[in-house]
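Fold and geometry: a report
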Protein chains: 2
Amino acid sequence: MRINIENINLRDQIYEILRDMILQREIGPGEKIGEEELSKKIGVSRTPFREALYRLEGEGIIEIIARRGAFVRRQSRATIIEVLEIREVLEGLVVRLVALNLSDKTLGQLQKCLDNIKDTPDEPSQLIKFTHADEEFHQLLLDACQNQMLKNLMATVNIHLQFIRLRTVVIPGRAKKTIREHYEILDAVAQKDASKAEALMRRHIASVREYATEHIENME
Amino acid sequence: MRINIENINLRDQIYEILRDMILQREIGPGEKIGEEELSKKIGVSRTPFREALYRLEGEGIIEIIARRGAFVRRQSRATIIEVLEIREVLEGLVVRLVALNLSDKTLGQLQKCLDNIKDTPDEPSQLIKFTHADEEFHQLLLDACQNQMLKNLMATVNIHLQFIRLRTVVIPGRAKKTIREHYEILDAVAQKDASKAEALMRRHIASVREYATEHIENME
DNA sequence: TTTTTGTATATTGTATACGATATACAAAAA
DNA sequence: TTTTTGTATATCGTATACAATATACAAAAA
């Protein structure tokens, strides 16, 4: 018998470092990832570095062009819509699964998450709080859904989403609308009405998608 | 200006070779993929070989254990259900998108696909034909949906499905039921009733999932 | 001046080499 | 006989070395 200690290897660590750097815009869309330069800065050789790059390419985060280099993909309007279409059905599945298998602990966490933000005024200075609350609500649901593969897929989808999330919440009056919809979803989940929860979540996400479809002309 | 010739590099080729080998059961579940041995047999060094392995791990196809090796993942009952839950909503999205954007060519191909098989007797000796027709129907829909990211996700999902597809169709009377359901879906698509098409597809996939839930005790 | 072409340089793609660890097996102890 | 422990071997993880090509820049021609 043997305890499976964490798989400590460089490629996994580098993968996460690069993913986070792209997420945090330390490497922006269209920018090149120089192997020699960045791997040296991190302090590893190119071999595990390139393994990480290849996984990122598989997830559609970067594009590797032979003998030219690895580039962070630009999010075109079409790509954003594609991601949001997928997000709609996957988030719907998440909430359906949660409704079918709800623990008191999860219910409490969701409730608290919404209650914490509900009295915050919808002002520009507070927008980051709404963004965090929004992300936390969806993340709590994801953590509670008992489908590991779905969690993995959503992790990738969320990377793509990160590029537009701030822009979608930042609309006058949108923050309060989001919270109202979250409460409705939570009610359905609490009643274990999986179909209703899924339908509400899909409409919630779809409204974000429709906004993006109309307003985002070209993402930089 | 520069024409983007196919990205000819070894890691992409090796990735496809390994994926197909696993798909065709040339390397079975639980089996080890020896780097030295197999890369030598293919005729490449371990470097691009390992890059391919790392992408496969990211897709959940294999598991890499540090200093032990890469192993084809066994499909547990829980994993199969996870995949089928995801497949249900993604296939639903596929058919919704196709209904919203249907070309005459696609409609013709789908029609022909079903007509070709509809008079085949539902006998054990013919089962492989039903399997092929089933795969072709779903693949035609996927090809026609205009969401590249969805195509990529479904490609991965389909690898996982490959392990159980034959077992799900092989039920007395199931083949004819499948064709009937496919015709109903096609009708909804032809009428451009996206919601109906999606709902029918989801029910269709869900019935496969329910069968798997009940009957598959432990996949080898 | 503008365009073209050749060469130097930098960077990626691939192979090989080296270091670390898990596994197998044999030998010794209980 | 059974269990434990030490060592040899094989295989994986990482680093380095070499090969191929894209890019930049300079020189020459138009």
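Let us look at the structure shown here. (Residues numbered from 1 in each chain as written. Chains lettered and ligands numbered in written order. Predicted model: local features only at pLDDT ≥ 70, side-chain atom pairs only at ≥ 80, totals over all residues. Heavy atoms only, no water.)

1. Here we look at the sheet that holds strand β2 (residues 62-65) of chain A
All names here are of chain A. Pairing is antiparallel in the open sheet, where 3 strands are placed in the order β1-β3-β2. Two strands lie at the open edges of the sheet, namely β1 (32-33) and β2, each paired on one side alone. Sitting on the sheet, helix α3 (residues 46-58) is in contact with β1, β2 and β3 (69-72), with an inclination near 115 degrees to β2. (Pairing = 2+ DSSP bridges. Helix = DSSP H or I, 4+ residues; strand = E, 2+ residues; numbered from the N terminus. Contact = heavy atoms within 4.5 Å. Axes fitted to C-alpha atoms, helices over the stretch in contact; angles between N-to-C directions.)

2. Details of unusual backbone geometry
Phi at R67 of chain A takes a positive value of approximately 60 degrees, unusual for a residue other than glycine. Topologically, R67 of chain A is positioned in the loop between β2 and β3. Taking relative accessible area as the criterion, R67 of chain A reaches 83% and is therefore assigned exposed. Phi at K192 of chain B is positive, roughly 55 degrees, even though this residue is not glycine. By secondary structure assignment, the location of K192 of chain B is in the loop between α8 (174-190) and α9 (194-215). (Buried < 20%, exposed > 50% of the residue type's maximum accessible area, 1.4 Å probe, protein only.)

3. What about the packing of helix α5 (residues 104-117) of chain A against helix α6 (residues 127-144) of chain A?
All names here are of chain A. Where α5 meets α6, the axes come as close as 10 Å, and the angle between the chain directions of the two elements is 170 degrees. Relative to α6, the element α5 lies roughly antiparallel. On the side of α5, the interface is formed by T106, Q109, L110, C113, L114 and I117, while α6 contributes K129, F130, A133, E136, F137, L140, L141 and A144. Residues belonging to the contact of α5 with α6 are distributed by class as follows: 10 nonpolar, 2 polar and 2 charged. (Parallel < 35°, antiparallel > 145°, perpendicular 65-115°, else oblique. Nonpolar A, V, L, I, M, F, W, Y, C, P; charged D, E, K, R; others polar.)

That is the geometry; function is a separate question.
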